[in-house]
Amino acid sequence: MHLQALILLFTILFAAPSPKDGAANDYCNAHRAEWRQVWEEYEVPCDIAEAVIFPELIRYSMFQDKMETGAVKSLYITRGAGSCDFSIGRFQMKPSFAEELEKRWMRSGLARRYDLFFDTKDSENARRVRITRLEKEEWQCIYLAIFLKMLYLDYGSYDKRGERTQDGIDALPLQEQVRLAATAYNRGCRWVNPGYGPLDELQANAHDKHFHTAILPTSRTRRYVYADISLKHFRRLTR
């Protein structure tokens, strides 16, 4: 292989170019109407939902996604998330993420209200159905809606009886809601009980630089604050 080709390959695999949001913003403009139909059905704030996944749209790589989806389909279905748990689709959702959302959703009491039920058994059939859903962007929108519903429920101000327990995420200014929702989507959070999710756990990682655009990151890869990119897009949507 020629030296120039080697340099190009190294750059593609290891470099982390600065996030450029032009193509991601164009994609949002083209698909926003269909996304919002889903999010409005589940009564989640559309501008916040779009802002939360916007950094993933910047990083998305179709080549990488096809490789990872193939690996998931061949290993996850038969062995579960412990064996293979790659991100799938434009919103970069992992099967384990969808599993946890399905379980929390079925415990929440909202399944009947929205006529949305999941098979949460640890079976090949349940995993096969989950993968099929994750490969469809409409279902990624649904999982994102579920994520936000559960976030605002568990980290909200009221318990399941309607008694006020804390100043939850719903009581914060909108831009802070975006920051914490984006952080939770990127870094994860614990699903507890309505009104008892500690906001300080979400705030702990809200300004950490973990997000990158490299396919194979190294210690020298440049990293960014995920929530900063989400917040920038939210401001663009609401200005």
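Residues numbered from 1 in each chain as written. Predicted model: local features only at pLDDT ≥ 70, side-chain atom pairs only at ≥ 80, totals over all residues. Heavy atoms only, no water.

1. Here we look at the packing of aromatic side chains
Applying the stated rule across the entire model yields 14 aromatic pairs. Ring geometry for Y27 against W35: centres 6.1 Å apart, planes inclined by 45 degrees, an arrangement best described as tilted. Each residue in the set Y27, W35, W39 and F91 is aromatic and connected to the rest through ring pairs, giving one cluster. Lying across the ring of Y27, R90 places its NZ or CZ 4.0 Å from the centre. The lysine or arginine in question, R133, covers the ring of W139, its NZ or CZ lying 4.6 Å from the ring centre. (Phe/Tyr/Trp six-rings, centres within 6.5 Å; stacked < 30°, edge-to-face > 60°. Lys NZ or Arg CZ within 6 Å of the ring centre and 35° of its normal.)

2. With respect to the pattern of salt bridges
Counted according to the given criterion, the structure contains 15 salt bridges. Among the salt bridges present, the one from E50 reaches R32, with a minimum N-O distance of 2.8 Å. Pair noted here: E50 is in helix α3 (residues 46–59) and R32 is in helix α2 (residues 22–41), with a separation of 18 residues, a long-range link. Accessibility expressed as a relative area gives 18% for R32, which makes it buried. Among the ionic pairs, D159 bridges to R161, the shortest N-O distance being 3.0 Å. (Salt bridge = Lys/Arg side-chain N within 4 Å of Asp/Glu carboxyl O. Helix = DSSP H or I, 4+ residues; strand = E, 2+ residues; numbered from the N terminus. Buried < 20%, exposed > 50% of the residue type's maximum accessible area, 1.4 Å probe, protein only.)

3. Structural notes on α2
In this model α2 runs 28 Å from its N-terminal to its C-terminal C-alpha over 20 residues, within 8% of the 28 Å that 1.5 Å per residue would give. Along its length, α2 reaches its greatest deviation from straightness, about 60 degrees, at H31. Within the span of α2, buried status applies to A24, N25, Y27, C28, H31, R32, W35, V38 and W39. Those residues of α2 hidden inside the fold are in contact with α3, α8 (137–154) and α11 (226–238). (Expected span 1.5 Å × (residues − 1). Bend = angle between axes of the 7 residues up to and from the residue. Contact = heavy atoms within 4.5 Å.)

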